[in-house]
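Examining the three-dimensional arrangement
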Amino acid sequence: MLTEPVALMLLLSVAGVVLNIILYRLQSLQMIVSFLVFAAMLALNLQLYGTIGETLVLPVVVFGQAMSFAVSPLAFYFTLMITSITLLTVIFSLESLRGKACTQAYYLWLFLKTFGMLGVVFAADLLTFFLLWELMTWGTFFLMQQTGGESFSPAKKYVVYAVSSSMLLFLGIALIHAWTGSFSFREVAAAFPHMPEGMMLLVVLLMTVGFAVESAMFPLHAWLPESYASTFTSLTSYLSGISTRMGIYGLILLLFGFVGHELADRFQLIGVINLRYIVSIFGALTIIIPTFTALFQHDAKRLVTWHGIGQGGYMILGIFSANALGIAGGIFHIFNYMTYVTLILFSIAAVEYRTGTSNLNKLGGLIKRQPVAFLGLLFGIIGLAGIPPMNGFVSKWFIYKALITEGYPFLAISAIIGTLGTILSVYKLIHNIFLGQLQPEYNEIKEVPFLMQLPIWVLMLAVFATGVFPGPILSLIAEIQSSFGLAPVPYTMTGVDPAAGTLDMLVITTVFIGGLLLAWIVFLLGHKRRHVSQYQNYAAGHFLDESIPYNFNYNFYTGFEHIFNPMKKKVIARTEVAVSSLVEAAGDYLRRIYTGNLATYAMYIMAALVVTSLFLKELI
Amino acid sequence: MSTVLWIIFYPIIAFAIGVILLGYGRKFNARVQRRYGPPIQQVFYDILKLMSKRTNISHGWMHDTALVMLLGGTLLTLYFIPVPGFDFFSGYGDFLVVMYILLIPSLGMALGVGETANPNGSIGISRALQMLAGYDIPFALTFIGMAILAGTTNFSEIIALQQAEGIFGWGLMTNPFLGVAALIALHGMMGEKPFEVMVAPHEIATGPMTEMGGKYLGMMMIQHALNVVIELTIYINLFLGGAANWASYLVKLFVLMTLILSVNALFGRFRVDDAVRFMWKVPLVLAVIGVLIIIL
Amino acid sequence: MSEKLTQRKAWDIVLDKLTKRSLWMLHYCTGCGAIELPPTMTSRYDMERFGISAMVTPRQADILLITGYLSVKTLQRVILTYEQMQAPKYVIGFGSCTINGGMYWNSYATIKSLDQYLPVELYIAGCMPRPEAIISSFTELIDRIGRGEANSWQDYYDNYDFYKKNQEHVFGEINTYVDIKDDKVKFGI
């Protein structure tokens, strides 16, 4: 049976690529067309809800296998995020990239990437999944090096990582096919539990590592910060917001779709420690180490991209917690993370649009000039830090609660350490950009145009509304859990069922608003206040004016630098250098077989023929 | 009906207790220094004076909002911590919620102080946040340990479990490692010496309070009074078996406060990195030992 | 003064009675005399029993205690500090030098009488005044506030032109980013 919206969505994204090639030089037309196509895709996506469970088989045959797509609840959840965030990115870019150089191919690659992601998410067999996964990583690569120049080298680094991860995935898929004789998800899932233990372990390890690279899990994260931060800021938000999370999609599919978490517990290594627990430990390290690295960044975008890695750790902790609450928390965190990180990066982009810099040591005091961007960043960081009443808190609460219930105190404390580190670095972010002294060179700047404010307002609403009413999203997640045969999360419209835990966001928010009102009354009880110039300020009797920089933002956490500086060993960067020089050396040796001497080549051919003829029998 | 009365009057009661605790602290300090000291209601006079200042200055709307957020967030926290006779809201948010709504006031203050555009304030906030990471990690770990021990994260259930077994059921007795670790972390949380790095009047001109005057400082003092009650009550609820009635609650509050004031009176001030190192060495190691005892 | 007294409402009388017990002091001690303050604060005389404690920044302070002579340069700082304080605020001149220049009468660099530049609430005469004198001035200030008579700070708003003229006479124009006349209207003082 043909599910029309799926076919149309895939068709539309291909059409978008084609249209953008036709309109290569006509930037304004490109913008309008891209906006309309993405809007149509979001509209189609909303219709998908009725078609969950249906399968579409395309008349395209690859390696004797027809490409097939299906709409699972998980696919619906992810496509909803993909299409909505792409539309917001396009709306934001309409204004922010207008008239900029190197943007002719911007929408083209955006469509290619979206096509890849939609395909991966809809795919119903492993071959389709893998082909579109490849397409998606190429889309990522092209988006990364959009600004040209300096962004090319980190993008190349990504390609090395992505190709290695694809090789691992390919090997895993080949092994699965060799055992089950099928690519179809349904058949693979049915045959998976009967695999020999060693082979299953190998497949799971290969694919986990492959997906871990894409989701930037701890020791394999080094490609991310530089490459995301060096492209356009609107793309940084798009890439961090959704692209990185495709790795998590893969992990969910692998763990729940194929392995099943009861099976995952089977790989006992020592005592109670099993594979699931080991992945969780890497998840915990993914939270702590990148979060504390973010603390010492001097560039707003790089700081946020480091958090992008760290937040992935929460999702992994949640998904691998084997607890209905925790799994729901992990899946919910993907959505929450997407909303607030995009909000944060849009706000940073708004600042960058006016000031031309995202260097945290050069900004300050912009709250007086860009209040909307400030509010956007404020909502975003409250979400990112996981403080009520924003949505980041709800999913993090699920994860903490699940880890405590399952009795993993040290995983739970690493999640909390991550939150504390996040609070520190996001305060540095908002302080150095918006608070403190306004620099004289930014005295004249204005708020960004309406089209750039619109996505910020929408996301602010989303971050707040899903925080107070997590129910609608949780209902989708409960469906995902049921579709994988897991226990669904016991949710209510405003929190969790009292039997499973104590959380009611509506009550918390109401009491908070009541407290604010009371505090406001206390504030009004005092006499009037007046707003004064930033130069009327305590400086121990010194007269301040524009010529005196009276601001504290460089090396914001000096105490922590004393503590952490001895620990900064850059192990991963040095490993990368070692590996690349090893590859270079090996390549240098391999190169020497091409001596340029005809006799040597003739000898090679002879040797090859001899070897082949020896094994000819086995080969045939 | 009684719930409504509690909701209306509880902030006032908590404020009165907080003011008296702070006044008691100043008197205690004075007596340690062989002074006569101010009257015990001195903090109330201070707050009244600050609120009735004729002129007030502000550096912008976030500076105003910050004070509202500071006090509003504190009131929110206050309601979610059960005290004898009033635990209406603890069924809607557990300790994990309290731990994170405790951060709303800090965030509010941090934002407001940031807008005052005074580097002393920013340095104070930077130190306060570093201290937060210092004391909150051991404190959170002690809580996780208690939650695993009790099998719940709900305050009133933890209190009921402790009270069921009398004084030997108290968290401090069942797991003294966690109790002591949390006590040291609480000391840092209350910002008393030697962890008073955030205010440090002699180095950074009272840090966050530098540009606060009049009603702004008054609201910060009101919040401080409430915060003292909140922090002590959290410790009492987790490790001193909560309180069955108001008499024992007040006794526990004053005993705990005296303990903290005695340490406060004896010490100078740590540097911020030394304070954090201390927090990550002594209480954190104690908490890890306590948790290992529980799970093994 | 008596006119202001009759203006006090019942609420203000109660408020004055209570708030007089809390006075925070900023001590400006670039001249001499700072040595008299530690005994006043510590166990011998303990000014905290009257609710008086030392504060760090002008925003928090009610009393500006100025000890000893003021040079023309330090006077600018004093005025900046005074204008950053929140009303009601009280200036206390400490020592002979603030009253008439004292032993610096002939100096080209110091000012002679502080009340030409700032509204002084109280002077403590002597060279040096002992801690007892400081305590007695504080109790005097407390009594005046209780009676609603400590209103010298309003004079700065009412007669700003006079003070401004004298200030500019010694050091010319300074910019404290405070508009006293506008404040008078805004706060209704």
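Refer to the structure above for everything that follows.
First things first, this report covers the structure right here in the doc. (Residues numbered from 1 in each chain as written. Chains lettered and ligands numbered in written order. Predicted model: local features only at pLDDT ≥ 70, side-chain atom pairs only at ≥ 80, totals over all residues. Heavy atoms only, no water.)

Below, the discussion takes up the state of the cysteines. Tallying each qualifying case throughout the model produces zero disulfides over all chains. Distance from the sulfur of Cys97(C), which forms no disulfide, to the nearest cysteine sulfur (Cys32(C)) is 5.4 Å. (Disulfide = S-S within 2.5 Å.)

Interfaces are often sized by the accessible area lost when the parts come together. Opposite the 69 residues of chain A that make contact, chain B presents 79 residues. Together chain A and chain B conceal approximately 6400 Å² of surface at their shared face, both sides included; 77% is due to carbon and sulfur atoms. Inspection of the region where chain A meets chain B yields two salt bridges. Note that Asp64(B) is salt-bridged to Arg529(A), the shortest N-O span being 2.6 Å. Taken together, the connections running from chain A to chain B amount to 24 residue pairs in polar contact (both at pLDDT 80 or more). (Contact = heavy atoms within 4.5 Å. Buried area = accessible area lost by both parts, 1.4 Å probe. Salt bridge = Lys/Arg side-chain N within 4 Å of Asp/Glu carboxyl O. Polar contact = N/O pair within 3.5 Å; in protein donor to acceptor, adjacent residues only side chain to side chain.)

Another aspect to go through is the environment of Asn361(A). On the secondary structure map, Asn361(A) appears in the loop between helix H15 (324-355) and helix H16 (371-385). Put simply, Asn361(A) and Ala349(A) are twelve residues apart on the chain and 16 Å apart in space, counted from C-alpha to C-alpha. (Helix = DSSP H or I, 4+ residues; strand = E, 2+ residues; numbered from the N terminus.)

A separate point is unusual backbone geometry. At the junction of Lys193(B) and Pro194(B), the peptide bond is cis and its omega measures out at 5° in the coordinates. Of note, the bond from Ala87(C) into Pro88(C) is cis; its omega dihedral lies within 30 degrees of zero at -5°. Phi at Thr206(B) takes a positive value of approximately 60°, unusual for a residue other than glycine. The phi dihedral of Asp46(C) is positive, around 45°, even though this residue is not glycine. Position of Asp46(C) relative to the elements: it lies in the loop between helix H3 (37-41) and strand S2 (52-54). Judged by relative accessible area, which is 2%, Asp46(C) ranks as buried. (Buried < 20%, exposed > 50% of the residue type's maximum accessible area, 1.4 Å probe, protein only.)

With that settled, consider the packing of helix H3 (residues 73-96) of chain A against helix H20 (residues 471-483) of chain A. Residues and elements named next belong to chain A. Two elements in contact, H3 and H20, have axes separated by 8 Å at closest approach and are oriented at 145°. In contact with Pro73, Leu74, Phe76, Tyr77 and Leu80 of H3, H20 contributes Ile473, Leu476, Ile477, Glu479, Ile480 and Ser483. Per-class residue counts for the contact of H3 with H20 are nine nonpolar, one polar and one charged. (Axes fitted to C-alpha atoms, helices over the stretch in contact; angles between N-to-C directions. Nonpolar A, V, L, I, M, F, W, Y, C, P; charged D, E, K, R; others polar.)

None of this, on its own, says anything about what the molecule does.
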